[in-house]
Amino acid sequence: MAEALDIQKLLKSVIAYKASDLHLVSRSEPQIRIDGKLVALNLPVLDGKMIEEMSYSLLSEKQKKQFEESNEIDFAIFLPNIGRFRANYYRTMGDIACAFRIIPIEIPSLDDLGAKPIFKELVKREKGLILVTGPTGSGKSTTLAAMLNEINLYESKHVITVEDPVEFIHQNKKCLFSHRNVGTDTGSFSSALKYAMREDPDIILIGEMRDKETIEAALTAAETGHLVFGTLHTSSAPQTINRIIDVFSGDEQPQIRAQLSTSLISVIAQALLPKIGGGRIAAQEIMITNPAIANLIREDKVHQIYSQMQLNQQGTGMVTQTQELVSYLRNKMISKQDAMQYSNKPDELAHAINAL
């Protein structure tokens, strides 16, 4: 039994089944996520002691101490001949539990992802803020990695990434990469960004814009001649802008709106949907800041941005999520049920489906 439940063998099975995640939770057999759905492996039910023995084999002494003090830990790990994983250990009903997410070692290109032509235009910008948003597990990190990969192929730039933990590790092709891990290489996102200004970056990737200090630092970096990439857990472009503004107090908001109106280049809000026939496909809503949208941000009329996105599509690369979903439905790539489930405007989508 011990042989069957070797942690490295379980992680190998994630790759063998082309799964995205592995879950080890007591009172359940190990489960993996394939195309967005959890599937139990035909293995013995786990208890806390079994999980502890397996999971502790991957931790350093320092990490064990950290986990025992805080009952949670995030880290990334590379296992030779298996792959790279992002891991989270936590406790449930007193027992240790683990979630592993596979991180591809080969970084996909924008062409591999089937990205729209606008992506290759966005990465040529010299300064400003590009946000990729969506719920956990929607492929934000993969989209950002492909965008940085595109820059790495053609531009000689210094790229600093600040992540918790570092996921994709870029090999220096034309760019020079400084990957910084929150917790081991720096104390916090905001601290790393404060000092980044003295590290001569051209491009900064912020793994997660969690708090006011980090958002403030990101806006300042975007204004002062750097290209900044960041993520937020929001599901649409207007919601993203509101989320950023709402982090600040009322008297600070006019200044933040002014900063956003000049520095925000684009918001790409994405969701990963099950594809008919297997696999998953990204539905991306793309907002590109033009003079009209910049004006709406500055004048606190964010609610009008969506109609601007619908109007201003000729040659701008903008697309709403509804249009993307309708296009996938027309090409029979996704089911109506999934389209409705993932839609951020189900009424609008239902109307569009009826017109098909």
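Let us look at the structure shown here. (Residues numbered from 1 in each chain as written. Predicted model: local features only at pLDDT ≥ 70, side-chain atom pairs only at ≥ 80, totals over all residues. Heavy atoms only, no water.)

## As for the nonpolar core
If you look at the biggest cluster of nonpolar residues, it comprises 60 residues, and the most contacted ones within it are Met147, Phe229, Ile241, Leu260, Leu264, Met287 and Ile305. When neighbours within four sequence positions are excluded, methionine 147 is seen to be in contact with Leu110, Phe119, Leu122, Val123, Ile130, Val132, Phe229 and Ile268. Judged by nonpolar contacts, the second largest core, of 28 residues, contains Ile73, Phe85, Ile96 and Cys98. (Core = buried A, V, L, I, M, F, W, Y, C linked by side-chain atoms within 4.5 Å. Buried < 20%, exposed > 50% of the residue type's maximum accessible area, 1.4 Å probe, protein only. Contact = heavy atoms within 4.5 Å.)

## Describing helix H2 (residues 48-56)
Residues Gly48, Ile51, Met54, Ser55 and Tyr56 constitute the buried set of H2. If you follow the buried residues of H2, they end up packed against helix H1 (7-16), strand S1 (21-24), helix H3 (61-70), strand S5 (83-92) and strand S6 (95-103). The backbone nitrogen of lysine 49 has a side-chain oxygen 3.1 Å away, supplied by the residue at the start of H2, namely aspartate 47. (Helix = DSSP H or I, 4+ residues; strand = E, 2+ residues; numbered from the N terminus. Polar contact = N/O pair within 3.5 Å; in protein donor to acceptor, adjacent residues only side chain to side chain.)

## A closer look at the sheet that holds strand S4 (residues 73-79)
The strands that make up a sheet are held in pairs by hydrogen bonds between backbone atoms, and each pair lies either parallel or antiparallel. Here we have 6 strands laid out as an open sheet, ordered S3-S2-S1-S6-S5-S4, and antiparallel in their pairing. Both outer strands of the open sheet, strand S3 (37-40) and S4, are each paired with one neighbouring strand and no more. Each strand of the sheet is rotated relative to its neighbour by a mean of 25°, with strand direction disregarded. Of the pairings in the sheet, the one linking S5 to S6 comprises 9 bridges and is antiparallel in character. Within S6, the residue paired with asparagine 88 across the bridge is alanine 99. In this fold H1 packs onto S1, strand S2 (31-34), S4, S5 and S6, with an angle of close to 145° to the strand it touches most, S1. Across the sheet, H2 is in contact with S1, S5 and S6; its angle to S6 comes to roughly 45°. (Pairing = 2+ DSSP bridges. Axes fitted to C-alpha atoms, helices over the stretch in contact; angles between N-to-C directions.)

## Thoughts on unusual backbone geometry
Across the junction of aspartate 164 and proline 165, the peptide omega takes the value -5°, indicating a cis bond. One can find proline 165 in the loop between strand S8 (158-163) and strand S9 (176-181). Its identity is not glycine, yet aspartate 200 carries a phi of approximately 55°, on the positive side. Residue placement: aspartate 200 occurs in the loop between helix H6 (189-196) and strand S10 (203-206).

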